[in-house]
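Chain and residue survey
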Amino acid sequence: MKDVYVLAVSSKDASSIAPVPVEQVREAFEGDEVELVFGEDDALFSVRAEESRVDVIFEVRDEPLGWTPDLLVGTGELRALLETARGFYRVRYAPAKPQANVQQSTMAVFEALWTVRTLMGLVEAVCVDVAAYRLHSAQDIEEITELDFDIRDHVTIHAMPMGPTMPMGPTMPMGPTMPMGPTMPKGAAMPPSEGSRAMWVHTHGLTKFGAIDVELFQIDEDDLPAAETFLHELCTDLAFGQGPAVRALVSTSVGRPFTLVPSEEGRTSLVGVDPELFEGHEAQMLTLVTPEGRHTLSGMLEQYRGRFEAETDEERATLRAQAERLLPVFKARFQRKGLMEPLNFVVRAPFEVHPDGEASEGEDEQLWAEVITWDEAKVIGRLVDGGETTTEWRKGAHVEIDETQINALAVTREGRTLDGDELQRLLKAELPA
């Protein structure tokens, strides 16, 4: 078994240096279909179900940590709580083996999270995701266990420069001075764009699911958002035991081939990389390469770049004007939607996010929500996707949107978004004669 989550109890909590009494634990888990076992294998207690076992061990430090590792992702408030904590609940389980079925590979994670949630109802604490280097509040854990699965809650993606920034202007190797074709060493990649850097992009957190973390090399700094989106999709499949097998040739949805090889094999073809880059990352990873073993992955990310192209002022104005014009008939068509009709009505609106922390100045992120109810001028919707920059707005969360904030409309039928002409035909019946 291995520690996957650690609860650091606030020094302000009365139970910060003593474990929660047995009777409180029993009462907290009452009604759950689990067996509680106390005092076995050095554990404070163990939560056991038919196919999972989660052990909780309590420890006290003589002195608080006084610091938090730089890699940890979390707010200043959560970091401060961790730094002053003396009491710690270590939540551990045995992750499923990579060959395990989907249920086995995810059940232990969710049983552990439910144990964490129950404990956080008894003590004031911050949750440390040891595998993903993330800090979670009690509210985070509640949302993670109730809302749609979002891999970003379980996996952290880190990007580190592989070398110095590429020089600008004529000093950058160009044209015939750059070795091409068969003279280019295997594993080498085309240089990043001017003023950009080649990055090593890798994940932390998949080990919770019995999977192996993955890495990409020679990623242009400007391509980080695209690489991140690709990795979120790949990691979701891996977490549910549906990812590609090692060395199997697979393709993206648009036919870009790639394969995963053990890192000790994939890294040998890198050129000019300082071994110190990997300090602190000694655990095995899977390296993503082309079928030829190269790290030239720019083409594979092409399909993801378009998602991050900035919307022009003209495009934004067009969508807004269309939304204002069609909103009355869009609303009327939603309200007479048949119970079994395979249509989903979605609207877009701005949501305030704080990428630099809750205390920072907010900025708007445009998010889509599926309409659930529409009462007068208020829409109650369910977020189709979570925010790109923070987890303040999680996928599946229910939100309230004022009609005046809606700036784009869409309808999907059986998972496909209707184009402009199809949308017009669908809404035409609602237009006044």
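These lines cover the structure that appears in this document, whether it is placed above or below. (Residues numbered from 1 in each chain as written. Predicted model: local features only at pLDDT ≥ 70, side-chain atom pairs only at ≥ 80, totals over all residues. Heavy atoms only, no water.)

So, about the overall build of the protein chain. The helix and strand tally for the protein chain stands at nine helices and 19 strands. Looking at the protein chain as a whole, 45% of its 433 residues are labelled buried. For the protein chain, the proportion of contacts with a sequence separation of at least 24, taken over those separated by at least 6, is 65%. Per element, the accessible surface of the protein chain, about 22400 Å² overall, is 51% carbon and sulfur. (Helix = DSSP H or I, 4+ residues; strand = E, 2+ residues; numbered from the N terminus. Buried < 20%, exposed > 50% of the residue type's maximum accessible area, 1.4 Å probe, protein only. Contact = heavy atoms within 4.5 Å. Areas by Shrake-Rupley, 256 points an atom, 1.4 Å probe, with all protein chains shown as cover.)

The subject of this paragraph is the environment of D150. With respect to the helices and strands, D150 occurs in the loop between α4 (138-146) and β8 (156-161). With 236 residues separating them in the primary sequence, D150 and G386 have C-alpha atoms 8.0 Å apart.

Now for the sheet that holds strand β1 (residues 2-9). Pairing is antiparallel across the open sheet formed by seven strands, whose spatial order is β2-β3-β4-β5-β1-β6-β7. The open sheet is flanked by β2 (35-38) and β7 (134-136), the only strands paired with a single partner. Each strand axis lies, on average, 25° off the axis of its neighbour in the sheet, ignoring direction. Sheet topology places β1 next to strand β6 (residues 125-129); five bridges connect them, and they run antiparallel. (Pairing = 2+ DSSP bridges. Axes fitted to C-alpha atoms, helices over the stretch in contact; angles between N-to-C directions.)

Tallied over the entire structure, the rule returns 15 aromatic pairs. An angle of 65° between the planes, with centres 5.8 Å apart, marks the rings of F29 and F45 as edge-to-face. Here F29 is found in helix α1 (residues 22-29), whereas its partner F45 is found in strand β3 (residues 45-49), with 16 residues between them in sequence. Judged by its relative accessible area of 4%, F29 is buried. Residue classification places F45 among the buried positions, given a relative accessible area of 0%. (Phe/Tyr/Trp six-rings, centres within 6.5 Å; stacked < 30°, edge-to-face > 60°.)

Right, let's talk about the side chain of D213 for a bit. Counting through the fold element by element, D213 comes out in the loop between β9 (198-204) and β10 (214-220). Although D213 is buried, it makes no salt bridge; K208 carries the closest opposite charge, 7.8 Å away. For D213, the side chain forms a polar contact with the main-chain nitrogen of G205, separated by 3.3 Å. (Lys, Arg positive; Asp, Glu negative; His and termini not counted. Salt bridge = Lys/Arg side-chain N within 4 Å of Asp/Glu carboxyl O. Polar contact = N/O pair within 3.5 Å; in protein donor to acceptor, adjacent residues only side chain to side chain.)

Two numbers describe how helix α8 (residues 313-335) lies on helix α9 (residues 420-428): the axes approach to 9 Å, and their chain directions differ by 60°. On the basis of their axis angle, the class for α8 and α9 is oblique. Handedness of the crossing formed by α8 with α9: left-handed. Counting all contacts with α8, which are made through R325, L326, V329, F330 and R333, the residues of α9 involved are L423, Q424, L426 and L427. Among the residues forming the contact of α8 with α9, the class breakdown is six nonpolar, one polar and two charged. (Parallel < 35°, antiparallel > 145°, perpendicular 65-115°, else oblique. Left-handed = near helix turned anticlockwise from the far one by under 90°. Nonpolar A, V, L, I, M, F, W, Y, C, P; charged D, E, K, R; others polar.)

Counting residues in each nonpolar core, the largest one holds 55 residues, and the members touching the most others are Y5, Y89, F230 and L288. If one sorts the elements of this core by residue count, helix α5 (residues 224-239) sits on top with eight residues. Formed by 27 residues, the second largest nonpolar core is a distinct cluster that contains F334, V347, F351 and V379. (Core = buried A, V, L, I, M, F, W, Y, C linked by side-chain atoms within 4.5 Å.)

The subject of this paragraph is a negative patch on the surface. A cluster of acidic residues, E352, E361, E363, D364 and E392, forms a negative patch on the protein surface. Within the secondary structure layout, E352 lies in strand β14 (residues 343-353). Its relative accessible area of 45% is what places E352 among the partly exposed residues. (Patch = residues over 30% accessible without salt bridge, like charges linked within 9 Å, V, L, I, M, F, W, Y side chains within 5 Å. Charge placed at Lys NZ, Arg CZ, Asp CG, Glu CD.)

Our focus in this paragraph is the pattern of salt bridges. Evaluated as defined, the whole model comprises 26 salt bridges. Salt-bridge contacts for R152 lead to D150; the nearest nitrogen and oxygen are separated by 2.8 Å. The same class applies to R152 as to D150, namely buried. For R247, the salt bridge is made with E265, and the minimal N-O distance between the two is 2.6 Å. Residue R247 is located in the loop between α5 and β11 (250-251), and its partner E265 is located in helix α6 (residues 263-266); the two are separated by 18 residues in the primary sequence. Take E265: its relative accessible area is 35%, and that puts it in the partly exposed class. Each of D3, E59, R90 and R92 takes part in a single network of salt bridges with overlapping partners.

The strand order across the open sheet built from six strands is β8-β9-β10-β13-β12-β11, with neighbouring strands paired in mixed fashion. Sheet topology places β8 and β11 at the edges, where each strand pairs with a single neighbour. In terms of strand pairing, strand β12 (residues 257-262) meets strand β13 (residues 286-289) through four bridges, oriented antiparallel. Bridged to V261 within β13 is T287. Across the sheet, α5 touches β8, β9, β10, β12 and β13, and the angle it forms with β10 is around 165°.

Our focus in this paragraph is α5. The end-to-end C-alpha separation of α5 is 21 Å, in line with the 22 Å expected for 16 residues at 1.5 Å each. When we look at burial in α5, the residues that qualify are A226, A227, T229, F230, L231, H232, L234, C235, L238 and A239. The first or second residue beyond α5 is G241, which carries a positive phi of 70°. (Expected span 1.5 Å × (residues − 1).)

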